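Remarks on the overall topology
Chain residues, written in single-letter form:
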Amino acid sequence: MPDLRGRLGAGSVLKDYTWFRVGGPAEVLFSPADEADLAYFMKALPADVPVTTIGLGSNLLVRDGGIDGVVIRLGRGFNQIEVEEGSRLRVGTAVPDTKVARAAADAGIAGLAFYRGIPGGIGGALRMNGGAHGTETCDVLVEARAVDRSGNVHVLSVEDMGYTYRHCGAPEDYIFTEALFQGRPGDPAEILAEMDEIAAYREEVQPIKSRTGGSTFKNPQDNKSWQLIDAAGCRGLAVGDAKVSELHCNFLINEGNASAADLETLGETVRERVKETSGVQLEWEIKRLGKPA
Ligand SMILES: Cc1cc2nc3c(=O)[nH]c(=O)nc-3n(C[C@H](O)[C@H](O)[C@H](O)COP(=O)(O)OP(=O)(O)OC[C@H]3O[C@@H](n4cnc5c(N)ncnc54)[C@H](O)[C@@H]3O)c2cc1C
């Protein structure tokens, strides 16, 4: 690949890129320079090499044996934020959600303050239909750009994204590169006050300073996962250094030296106990990637 401009490395330890601080190595880690570089790389990469995309790692459990093939992590070339006419914001997918909330507030764009509470990046928000405080990504997205496994660039409308709760129906191989958001005119001071409220609330009810992956399980229809977990007696349950948070029992925490296997075993134990006590089968919201050690 003579014209490649991004950074390519072997054996990078992925625990450095995940909130849980667990995960084995990436066989190859690639950080493309920009969308054209990513498309060039995907075109040239042999079709049988597996590709996995990661964002800021706030919703990931990377297993201890690491990830085979190429792991793509978008960086500097995907950090742009542009304010457009009509209360719109066009952003690269490596931009943290909190920065999007802040840029929208500064530009007097209301409707994006909910991103203040989500610690991931916009690529992850597009893939997870990230949402909080009554708003989801699907409510504010106009369109997204993506590069597929063959290096073709696509522009997807919000309808093309096939969104449901914490799920995106766009093809699994699509790597999102840019998003266009629609807000509405607002007063910067009011938006900033709303963001402060969101931040204060988070600090009170979630273990946001811990090594965690956020909500572990999706909320089942008409139920709250944390209530089912609590009713199953799992608050504070531990496997090694992996523990169910005392503060918010749909959060798992790495208290120090937990392995990915400890966290996954704990999660599966919680699922079994919830099934036994309430009959509900919880579904993982956290994405588990890679192979066991
Ligand atoms: C303390 C805490 C609180 C949280 N609160 C919330 C909340 O309120 N609401 C909420 O929705 N989530 C919440 N989360 C979960 C998480 O922050 C979101 O799911 C977030 O959108 C994930 O973004 P990320 O960049 O960290 O993605 P990652 O965790 O790195 O990846 C998540 C998924 O997105 C995919 N992905 C990432 N980037 C791209 C890309 N560019 N193109 C294609 N696919 C990509 C990955 O392959 C993976 O499947 C919380 C997490 C923590 C740790």
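What this report covers is the structure whose coordinates are included nearby. (Residues numbered from 1 in each chain as written. Predicted model: local features only at pLDDT ≥ 70, side-chain atom pairs only at ≥ 80, totals over all residues. Heavy atoms only, no water.)

Broken down by element type, the protein chain carries seven helices and 19 strands. What you see for the protein chain is a C-alpha radius of gyration of 19 Å, in line with the 19 Å of a compact globule of 293 residues. Considered along the principal axes of its C-alpha atoms, the protein chain spans approximately 50 × 50 × 30 Å. Within the protein chain, residue pairs in contact and separated by at least 24 positions form 65% of the contacts whose partners lie at least 6 positions apart. (Helix = DSSP H or I, 4+ residues; strand = E, 2+ residues; numbered from the N terminus. Rg over C-alpha atoms; globule rule 2.2 N^0.38 Å. Contact = heavy atoms within 4.5 Å.)

Its place among the elements puts E285 in the loop between helix 7 (260-278) and strand 19 (287-289). Taking relative accessible area as the criterion, E285 reaches 10% and is therefore assigned buried. A distance of 3.5 Å separates polar atoms of two side chains, one belonging to E285 and the other to R166. Beyond its immediate chain neighbours, meaning those up to four positions away, E285 contacts N59, M128, Y165, R166, S215, T216, F217 and K218. (Buried < 20%, exposed > 50% of the residue type's maximum accessible area, 1.4 Å probe, protein only. Polar contact = N/O pair within 3.5 Å; in protein donor to acceptor, adjacent residues only side chain to side chain.)

Turning our attention to the packing of aromatic side chains. Tallying each qualifying case throughout the model produces four aromatic pairs. Note on F30 and F41: the rings are 4.0 Å apart at their centroids and 25° apart in plane angle, and the pair reads as stacked. Pair noted here: F30 is in strand 2 (residues 26-31) and F41 is in helix 1 (residues 35-44), with a separation of 11 residues, a long-range link. Members of the aromatic cluster, joined through ring pairs, are F114, Y115 and F181. (Phe/Tyr/Trp six-rings, centres within 6.5 Å; stacked < 30°, edge-to-face > 60°.)

This next bit is on the site of the ligand. Lining the immediate surroundings of the ligand are 34 residues, of which T53, G55, S58, N59 and G131 lie closest. One of the backbone N or O atoms of G57 is found 2.8 Å from an oxygen atom in the ligand. Between the ligand and the protein, one listed contact pairs a nitrogen atom with a backbone N or O atom of F176 at 2.9 Å. Across the complex, the protein chains shield 95% of the 970 Å² of accessible surface that the ligand would expose by itself. Mapped onto the shell around the ligand, the elements with two or more residues apiece are strand 3 (51-54), helix 3 (122-128), strand 9 (131-132), strand 13 (175-182) and strand 15 (211-215). Looking at which element gives the most residues to the shell around the ligand, the answer is helix 3, with five residues. Grouping the amino acids of the shell around the ligand by side-chain chemistry returns 15 nonpolar, 15 polar and four charged. (Near = heavy atom within 4 Å. Areas by Shrake-Rupley, 256 points an atom, 1.4 Å probe, with all protein chains shown as cover. Nonpolar A, V, L, I, M, F, W, Y, C, P; charged D, E, K, R; others polar.)

These results come straight from atomic positions and should not be treated as a statement about function.
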